[in-house]
Amino acid sequence: MKTYNVGIIGATGMVGQRFATLLENHPWFHVVALAASSRSAGKTYEEAVSAKWAMTTPIPAAMKDMIIMDAEKDVDKIAGMVDFVFCAVDMKKEEIRALEEKYAKAECPVVSNNSAHRHTPDVPMVIPEINPEHLDVIAAQRNRLGTKRGFVAVKSNCSLQSYVPPLHPLMKYGVTKALACTYQAISGAGKTFKTWPEMVDNVIPFIGGEEEKSEVEPLKIWGKVEGDRIVDARTPNITTQCLRVPVQDGHTAAVFVSFEKKPTIEEIKQAWAEFSGEPQKLNLPSAPKQFIHYFEEDNRPQAKLDRNLEGGMAVSVGRLREDKQYDYKFVGLSHNTLRGAAGGAVLLAELLAAKGYMD
């Protein structure tokens, strides 16, 4: 596989830091550009992030002395240095949409962790194991933008990873409705216990915009490319509640599901065990060997024990049992800044590279 020069836009934030650590020794992607807001521009990466470095591993040595560029003013310069960029900026949605399209129009593909373009009809929002065929819409997006190489592709909301992957292999049984209560780690808000002491011994029953994303985004993922756009699926009906809990990393979901044709518990477990997708077939560097892991123990999965399974890229499931109101219920767990954020975006970039979209 060829190698690619890449940039991280929004490199100083928590997801940007996670990108830096994941890409430090990546076999295909070599970081040559870091960008952030004008407040950080001109500083070395170490100067910009040392006081707020939130990762458990040190700042990557090769990036410490890299000079941070201005994410908005240096678009053309960055586009001339890289084959594509990862984007994880903290800006207003309309500003993010404009910035990402500016990079795309500079013939620089964008793999985004942001939510701004998730509902743009010709922007693929991809969980690589589930809907890789949505990349076909990039041709229509390039036509709209007037580009040859440039485009925007996004990953879905982090909390979806704890319940959409386990539901997906069961769609063949006709999932009619699902309820998901997510218990979300503080790193999803870009925080640590040091920077957010109010979360110690606390649960906050509201995360702005999260429930809307959690109920709507799966329908785009399960939708179809029709002409120049992705048309959302109409079913299943999904309702969610999203709570912030005192956990550093790992989103947990309590999931309830009903079917047109109710499978057995054994059929569900078999569907999870056998499920794999394009990343596994292509043996992509960040792909978990086993995407969905089922735990038979009553007290698993646990965030502290299981969030880092397969480098944080696998999804853990447990406590599958029948329910009195729905057909079944189970618990799911995913690492929100790995599979749910930067890691999911890196895997998406690997899929795009393997499919020739970065050439």
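Residues numbered from 1 in each chain as written. Predicted model: local features only at pLDDT ≥ 70, side-chain atom pairs only at ≥ 80, totals over all residues. Heavy atoms only, no water.

Chemist: Help me get a handle on the overall build of the chain, residues and values and all.
Modeler: Looking only at helices and strands, one finds 12 helices and 14 strands in the chain. Taking 2.2 N^0.38 as the reference for a compact globule, 359 residues should give roughly 21 Å; the C-alpha atoms of the chain span a radius of gyration of 20 Å, in line with that estimate. Viewed in the frame of its principal axes, the chain has a C-alpha envelope of about 60 × 50 × 35 Å. Split into buried and exposed, the 359 residues of the chain put 59% on the buried side. When contacts within the chain are restricted to residue pairs at least 6 apart in sequence, long-range pairs at least 24 apart make up 76% of them. Approximately 15,200 Å² of the chain is accessible, and the part contributed by carbon and sulfur atoms is 47%. (Helix = DSSP H or I, 4+ residues; strand = E, 2+ residues; numbered from the N terminus. Rg over C-alpha atoms; globule rule 2.2 N^0.38 Å. Buried < 20%, exposed > 50% of the residue type's maximum accessible area, 1.4 Å probe, protein only. Contact = heavy atoms within 4.5 Å. Areas by Shrake-Rupley, 256 points an atom, 1.4 Å probe, with all protein chains shown as cover.)

Chemist: Give a detailed account of the packing of aromatic side chains, specifying residues and quantitative values.
Modeler: In the structure shown here, the tally under the stated rule is 15 aromatic pairs. Pairing Trp272 with Tyr294 gives two aromatic rings, centres 5.8 Å apart and planes at 25°, and the pair type is stacked. Remark: Tyr294 occurs in strand S12 (residues 292-295) and Trp272 occurs in helix H8 (residues 265-274); sequence separation between them is 22 residues. An aromatic cluster of at least three residues, connected via ring pairs, comprises Tyr4, Phe19, Trp28, Phe29, Phe84 and Phe86. Over the ring of Tyr328 we find Lys262; its NZ or CZ atom is 5.1 Å from the centre of that ring. (Phe/Tyr/Trp six-rings, centres within 6.5 Å; stacked < 30°, edge-to-face > 60°. Lys NZ or Arg CZ within 6 Å of the ring centre and 35° of its normal.)

Chemist: Kindly report on the environment of Tyr173, identifying the contributing residues and their values.
Modeler: With respect to the element layout, Tyr173 can be found in the loop between helix H6 (164-167) and strand S7 (175-184). Between the C-alpha atoms of Tyr173 and Lys262, which are 89 residues apart in sequence, the distance is 6.6 Å. Other than its neighbours up to four places away in sequence, Tyr173 contacts Phe259, Glu260, Lys261, Pro263 and Glu267.

Chemist: Which residues make up the nonpolar core, and what values go with them?
Modeler: By size, the foremost hydrophobic cluster in this structure holds 54 residues, and its most contacted members are Ile9, Ile78 and Tyr103. Here Tyr103 is in contact with Ile9, Ala71, Val75, Ile78, Val85, Cys108 and Val110, once residues within four sequence places are set aside. Core analysis: the second largest hydrophobic core is formed by 47 residues, Ala11, Ile59, Phe86 and Leu348 among them. (Core = buried A, V, L, I, M, F, W, Y, C linked by side-chain atoms within 4.5 Å.)

Chemist: Which residues make up the sheet that holds strand S2 (residues 29-36), and what values do they have?
Modeler: Pairing is parallel across the open sheet formed by six strands, whose spatial order is S3-S2-S1-S4-S5-S6. Both outer strands of the open sheet, strand S3 (69-70) and strand S6 (152-154), are each paired with one neighbouring strand and no more. Across the face of the sheet, helix H1 (residues 14-23) comes into contact with strand S1 (4-9), S2 and strand S4 (84-87) while running at roughly 160° to S1. (Pairing = 2+ DSSP bridges. Axes fitted to C-alpha atoms, helices over the stretch in contact; angles between N-to-C directions.)

Chemist: Can you break down the sheet that holds strand S13 (residues 315-322) residue by residue, with the values?
Modeler: Spatial strand order, S10-S7-S11-S14-S13-S12: six strands in an open sheet with mixed pairing. The sheet is open, and its two edges are formed by strand S10 (237-244) and S12, each paired on a single side. For this sheet the average axis-to-axis angle between neighbouring strands, irrespective of direction, equals 20°. Relative to strand S14 (residues 328-334), strand S11 (residues 251-259) is paired through seven bridges, and the arrangement is antiparallel. Bridging across to S14, Ala253 finds its partner in Gly332. Across the face of the sheet, helix H7 (residues 210-221) comes into contact with S7 and S10 while running at roughly 145° to S10. Sheet contacts for H8: S12, S13 and S14; angle to S13, the most-contacted strand, approximately 170°.

Chemist: Lay out the packing of H1 against helix H12 (residues 338-354) in plain terms, naming residues and giving numbers.
Modeler: Viewed as axis vectors pointing N to C, H1 and H12 meet at an angle of 50°, and their least axial separation amounts to 10 Å. As summarised for this structure, H1 and H12 are arranged oblique, according to the angle between their axes. Taken as a pair, H1 and H12 cross one another with a handedness that is right-handed. Within the contact between the two elements, H1 uses Val15, Arg18, Phe19, Leu22 and Leu23 and H12 uses Leu338, Ala341, Ala342, Gly343, Ala345 and Val346. Its residues assigned to classes, the contact of H1 with H12 comprises nine nonpolar, one polar and one charged. (Parallel < 35°, antiparallel > 145°, perpendicular 65-115°, else oblique. Left-handed = near helix turned anticlockwise from the far one by under 90°. Nonpolar A, V, L, I, M, F, W, Y, C, P; charged D, E, K, R; others polar.)

Chemist: How would you summarise helix H4 (residues 93-105) if you had to cite specific residues and measurements?
Modeler: Taking 1.5 Å per residue, 13 residues should reach 18 Å; H4 reaches 18 Å between its end C-alpha atoms and fits that length. When we look at burial in H4, the residues that qualify are Ile96, Leu99, Glu100, Glu101, Tyr103 and Ala104. Where H4 is buried, its residues contact S1, helix H3 (75-81), S4, strand S5 (110-112), helix H5 (138-145) and S6. Positive backbone phi, at 65°, marks Glu107, one or two positions downstream of H4. (Expected span 1.5 Å × (residues − 1).)

From the geometry alone we can't say anything about function, so treat these as descriptive.
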